[in-house]
Amino acid sequence: MLHQFQKRILILAVRAGEIMMKSGAEIYRVEDTITRICKAGNISYVDVFATPTGIFVTMDEGSRDSEVFTYVRRIKNSKTDLTKISDVNRFSREFTTTDLSVDEGMNILTEIEKKPSYPLWLQIAGAAIIASFFCGLLGGSPKDFIAAFVIGAFSYSLSLLLNLAELNFFIRGFCCCFFATFLALLAAALGLAPSYGDTIIGVMMIFVPGVAITNSMRDFLSGDMVSGLARTAEAVIIAFSLATGAGLMLKLWTMMGGVM
Amino acid sequence: MLLQFLFAIMAVLGISIIFHLPVRCMPASVLLGAIGWVVLKAAENAGLSAVLATFLSALLIALLGDICSRVLKDATTLFIIPGIIPLVPGGGMYYTMLYFIQGDIASAGKCGTDTLMIAGAIAVALLTMASIIKILVNIYRKIKNRTKTTKGAA
């Protein structure tokens with residue numbers, strides 16, 4: 001019976017950690033959350049090792065003849081979602097300070113996990129706003145601004161579509177930038193985007209690896225070297241994918257005889 | 001500069017939407033990101049290099065982000081991420097590629113190095129500020145503990 005309880009606490013803790021990691025939290029926050037939840041379930045020995053691709057938890061009840069439990073959880077398909085990080089953070093505090101049961105905890109976690117992001121049109125509008133206002137900040141004209149708005153919306157929709165197809169982040173960044181550059185050059189050829197460079201950069205700002213840079217540095221700082229390196233590599237690869245996507249289209253455009 | 005500030009507010013608002021930032025954190029994050037951008041531009045206008053300007057701006061964002069997370073009791077990343085993204089050198093990435101394609105390897109090399117340096121400046125600024133905050137918090141805790149123990153002794 002006791003074993004059953006231990007197991008359920010472990011599953012709850014790993015679930016919380018998994019949601020956080022998928023949403024793009026730092027490693028120490030994930031490890032902290034899991035340890036805190038396990039300790040709240042009166043488990044004396046807990047050790048967690050989390051990386052962006054997997055969580056390993058081992059725990060022991062602490063008595064002489066108790067068994068050691070280990071749980072390995074593989075993590076796939078992460079998507080940055082700051083609300084989920086904040087919610088699980090709150091939940092773990094609530095779970096440790098109040099006497100929520102494990103089942104209630106499970107229900108709350110399921111609710112958090114299922115919580116939808118902002119509606120689709122708002123996300124696409126958000127991406128369009130990013131593209132157009134960065135274009136403006138970099139000195140684009142009103143025409144470029146409008147072009148960036150439209151192109152940003154289209155290329156972010158493409159990114160969401162590719163996300164559904166579960167393509168990896170390199171291909172996604174590459175395709176989106178390739179497509180965005182094509183549209184920008186097309187708009188420039190039609191006279192709709194006089195300084196198309198600013199338009200392209202504006203759209204690129206939707207996809208820049210800001211999250212990966214921030215998280216990798218925070219991981220290094222708390223001593224999680226493996227994750228720090230992994231996320232640095234992620235940032236570099238994303239940056240490369242964006243640059244090659246835009247670059248290849250520019251090259252093709254000139255090769256096809258388009259004017260730049 | 002006011003126009004830059006307003007544009008930056010809108011841009012950061014867009015970023016916080018696609019990363020699903022909770023609505024209660026939005027005012028602080030958006031303001032923080034816009035302040036970061038204006039500081040970057042002001043530093044560049046004052047004649048500092050892009051690398052140094054980015055460094056200063058990222059330092060300020062990390063500091064303000066930490067303060068916001070302590071005041072509003074939420075994770076630090078919620079405030080830092082929307083602020084940092086505008087500093088990421090998307091323009092540098094594009095121009096490096098453009099020069100490269102135009103066959104201007106010298107310019108591509110220079111632009112690429114600048115881009116790398118700017119990205120490095122963001123990283124170092126985040127590390128520096130987080131370390132400073134850690135040291136300050138530790139000192140504060142020690143002082144607090146000491147005053148507690150002396151009180152207990154008296």
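Above this note sits the structure.
Residues numbered from 1 in each chain as written. Chains lettered and ligands numbered in written order. Predicted model: local features only at pLDDT ≥ 70, side-chain atom pairs only at ≥ 80, totals over all residues. Heavy atoms only, no water.

> I tried to follow the overall build of chain B on my own but got confused; where do I start?
Each helix and strand in chain B was counted, giving 6 helices and 0 strands. When the helices and strands of chain B are listed from N to C terminus, the series reads α-α-α-α-α-α. A globule of 154 residues ought to have a C-alpha radius of gyration of about 15 Å, yet chain B, at 19 Å, is considerably larger. In terms of overall dimensions, chain B has C-alpha extents of about 75 × 35 × 25 Å along its principal axes. Looking at chain B residue by residue over its 154 residues, the buried ones come to 48%. Of all intrachain contacts in chain B linking residues separated by at least 6 positions in sequence, the fraction that spans at least 24 positions is 64%. (Helix = DSSP H or I, 4+ residues; strand = E, 2+ residues; numbered from the N terminus. Rg over C-alpha atoms; globule rule 2.2 N^0.38 Å. Buried < 20%, exposed > 50% of the residue type's maximum accessible area, 1.4 Å probe, protein only. Contact = heavy atoms within 4.5 Å.)

> Help me out: how do you make sense of the overall build of chain A in this one?
Counting its secondary structure elements, chain A contains 10 helices and 3 strands. Shown N-terminal to C-terminal, the secondary structure of chain A runs as helices and strands in the order α-α-β-β-β-α-α-α-α-α-α-α-α. Its C-alpha atoms put chain A at 80 × 30 × 30 Å along the principal axes. The buried share of chain A, taken over its 260 residues, is 50%. Excluding contacts between residues fewer than 6 apart, the proportion of contacts in chain A whose partners are at least 24 apart in sequence is 64%. Summing over all exposed atoms, chain A offers an accessible surface of approximately 11800 Å²; the carbon and sulfur share of this is 64%. Here chain A holds 22 positive side-chain charges and 23 negative ones, and the gap between their average locations is 5 Å. (Areas by Shrake-Rupley, 256 points an atom, 1.4 Å probe, with all protein chains shown as cover. Lys, Arg positive; Asp, Glu negative; His and termini not counted. Charge placed at Lys NZ, Arg CZ, Asp CG, Glu CD.)

> Looking at this structure, I do not really get the interface of chain B and chain A. What am I missing?
By a widespread convention, an interface's size corresponds to the accessible area lost as its parts come together. Taken residue by residue, the interface counts 47 residues in chain B and 54 residues in chain A. In this assembly, chain B packs against chain A so that about 4500 Å² is buried in total across both faces, 76% of it on carbon and sulfur atoms. Contact with chain A buries area across many residues of chain B, yet Ile18(B), His20(B) and Tyr94(B) alone supply 17% of it, more than any other trio. For Arg90(A), the salt bridge identified is with Asp74(B), shortest N-O distance 3.2 Å. Of all the elements in the fold, those that place two or more residues in the side of chain B that touches chain A are helix H1 (2-18), helix H2 (26-45), helix H4 (77-84), helix H5 (90-101) and helix H6 (105-153) of chain B. Here the side of chain B that touches chain A takes 10 residues from H1(B), the largest share from any one element. Along the lines of polarity and charge, the residues of the side of chain B that touches chain A split into 33 nonpolar, 10 polar and 4 charged. (Buried area = accessible area lost by both parts, 1.4 Å probe. Salt bridge = Lys/Arg side-chain N within 4 Å of Asp/Glu carboxyl O. Nonpolar A, V, L, I, M, F, W, Y, C, P; charged D, E, K, R; others polar.)

> Explain the packing of aromatic side chains to me, please; I cannot follow it from the model alone.
Two measures describe an aromatic ring pair: the distance that separates the ring centres and the angle between the ring planes. Residue and element names in this part refer to chain A. A complete count under the given rule lists 11 aromatic pairs over all chains for this structure. With centroids separated by 6.4 Å and ring planes inclined at 70°, the aromatic side chains of phenylalanine 182 and tryptophan 253 adopt a geometry described as edge-to-face. Taken together, the residues span a long stretch of sequence, with phenylalanine 182 in helix H7 (residues 169-189) and tryptophan 253 in helix H10 (residues 225-255) at a distance of 71 residues. (Phe/Tyr/Trp six-rings, centres within 6.5 Å; stacked < 30°, edge-to-face > 60°.)

> Would you explain a nonpolar patch on the surface in this entry?
Residues and elements named next belong to chain A. A cluster of nonpolar side chains, contributed by Leu167, Phe169, Phe170, Ile171, Val236, Ile237 and Phe240, occupies part of the molecular surface with about 560 Å² of accessible area. When contributions to the nonpolar patch are tallied by element, the ones reaching two or more residues are H7 and H10. Mapped onto the elements of the fold, isoleucine 237 is located in helix H10. (Patch = residues over 30% accessible without salt bridge, like charges linked within 9 Å, V, L, I, M, F, W, Y side chains within 5 Å.)

> Before we go on, may I ask you to explain helix H9 (residues 210-221) of chain A in this structure?
Residue and element names in this part refer to chain A. Helix length check: H9, at 12 residues, gives a terminal C-alpha distance of 17 Å against a target of 16 Å (1.5 Å per residue), a fit within 8%. Taken across its 12 residues, H9 has 10 buried, putting it largely inside the fold. Residues of H9 that are buried: Gly210, Val211, Ala212, Ile213, Thr214, Asn215, Ser216, Met217, Arg218 and Asp219. At the C-terminal side of H9, glycine 223 shows a positive phi close to 85°. (Expected span 1.5 Å × (residues − 1).)

> Is there a simple way to explain helix H2 (residues 27-40) of chain A in this structure?
What sets the pattern is the α-helix's 3.6 residues per turn: residues three or four places apart point alike. Residues and elements named next belong to chain A. Taking 1.5 Å per residue as the helical rise, H2 with its 14 residues ought to reach 20 Å, and the 20 Å between its terminal C-alpha atoms agrees with that figure. Within H2 the residues assigned to the buried category are Ile27, Arg29, Val30, Glu31, Thr33, Ile34, Ile37 and Cys38. Just downstream of H2 lies asparagine 42, where phi reads positive at about 60°.

> When you look at the pattern of salt bridges in this model, what are you seeing that I'm missing?
It is possible for side chains bearing opposite charge to pair when their charged atoms get close. Residues and elements named next belong to chain A. According to the stated counting rule, one finds 15 salt bridges over all chains in the structure shown. Notably, a salt bridge pairs glutamate 18 with lysine 22, separated by 3.5 Å at the nearest N-O pair. In this pair, glutamate 18 and lysine 22 both sit in helix H1 (residues 2-22), 4 residues apart, roughly one turn of the helix. Lysine 115 is the salt-bridge partner of aspartate 87, the closest N and O atoms lying 2.8 Å from each other. Pair noted here: aspartate 87 is in helix H3 (residues 82-97) and lysine 115 is in the loop between helix H4 (102-114) and helix H5 (120-137), with a separation of 28 residues, a long-range link.

> Please clarify how the sheet that holds strand E3 (residues 68-74) of chain A should be interpreted in this entry.
Residue and element names in this part refer to chain A. Across the sheet, 3 strands lie side by side as E1-E2-E3; this open sheet has antiparallel pairing. If you trace the sheet from one side to the other, it starts and ends with strand E1 (45-51) and E3, each paired once. Strand-to-strand twist across the sheet, computed as the mean angle between neighbouring axes with direction ignored, equals 10°. Pairing between strand E2 (residues 54-60) and E3: 7 bridges, direction antiparallel. (Pairing = 2+ DSSP bridges. Axes fitted to C-alpha atoms, helices over the stretch in contact; angles between N-to-C directions.)

> How should I be thinking about the state of the cysteines in this particular structure?
Working definition: the covalent bond between the sulfur atoms of two cysteines is a disulfide. Counted under the stated rule, the structure contains 0 disulfides over all chains. The thiol of Cys68(B) is unpaired, and the distance to the nearest cysteine sulfur, on Cys25(B), comes to 9.1 Å. Assessed through its relative accessible area of 17%, Cys68(B) is described here as buried. Free of any disulfide, Cys111(B) has its nearest neighbouring cysteine sulfur in Cys177(A), separated by 16 Å. (Disulfide = S-S within 2.5 Å.)

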